[in-house]
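Structural characterization, general
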Amino acid sequence: MPKVTFLPMNTVCEAKAGESILDVAIQNDVPLQHACGGFCACTTCHVIVVEGAQNLAPMEEAEEERIEHADGVGLQSRLGCQAQVRGDVTVQVVNQGY
Ligand code: FES
């Protein structure tokens, strides 16, 4: 199973096929904010991919448009609720909380 490592807490979790980074965080009590409930309507689930960007499903148009509004957005930014996990990945949580 693919593994997601969340920083800065350094929590390593297993992901099932088709799960998003946010799905994995919620199931493992990792504090990753998700104000809109995972519907690509906020930016609180913003994560910065440290390793394994190629192991995430490519960004679709809705995520591209939404993530531009995230504080501190950069080339390695993804929305946790939209990024499906396909292999091992390490992400930095920007907004910690539940
Ligand atoms: S939880 Fe709102 S965009 Fe991801």
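Description of the structure in this document. Computed from a predicted model, the values in this text were never measured in an experiment.

1. Notes on the nonpolar core
- In this structure, Val4, Ile21, Ala25, Val85 and Val91 are the most contacted members of the largest nonpolar core, which totals 20 residues.
- In terms of residues, this core owes the most to one element, helix H1 (residues 21–27), which gives four residues.
- Apart from the residues within four sequence positions on either side, valine 85 is in contact with Pro2, Val4, Ala15, Glu19, Ser20, Ile21, Val24, Asn55 and Leu56.

2. Topic: the sheet that holds strand S5 (residues 89–93)
- Taken together, the five strands give an open sheet; going across it, the order is S2-S1-S5-S3-S4, and neighbouring strands pair in mixed fashion. Both edges of this open sheet fall to strand S2 (11–14) and strand S4 (77–79), since each of them pairs with a single strand only. The sheet shows a mean angle of 35 degrees between the axes of neighbouring strands, direction not considered.
- Two elements, strand S1 (residues 3–7) and S2, share four bridges in a ladder whose sense is antiparallel. The partner of threonine 5 across the bridge, within S2, is valine 12.

3. Side note on the pairing of strand S3 (residues 46–51)
- Bridging between S3 and S4 involves three bridges; their strand directions are antiparallel. Residue pairing in the sheet places isoleucine 48 in a bridge with serine 77 of S4.

What counts as what
- Residues numbered from 1 in each chain as written.
- Predicted model: local features only at pLDDT ≥ 70, side-chain atom pairs only at ≥ 80, totals over all residues.
- Core = buried A, V, L, I, M, F, W, Y, C linked by C-beta atoms within 7 Å.
- Buried ≥ 20, exposed ≤ 12 C-beta atoms within 10 Å, placed from the backbone.
- Helix = DSSP H or I, 4+ residues; strand = E, 2+ residues; numbered from the N terminus.
- Contact = placed C-beta atoms within 7 Å.
- Pairing = 2+ DSSP bridges.
- Axes fitted to C-alpha atoms, helices over the stretch in contact; angles between N-to-C directions.

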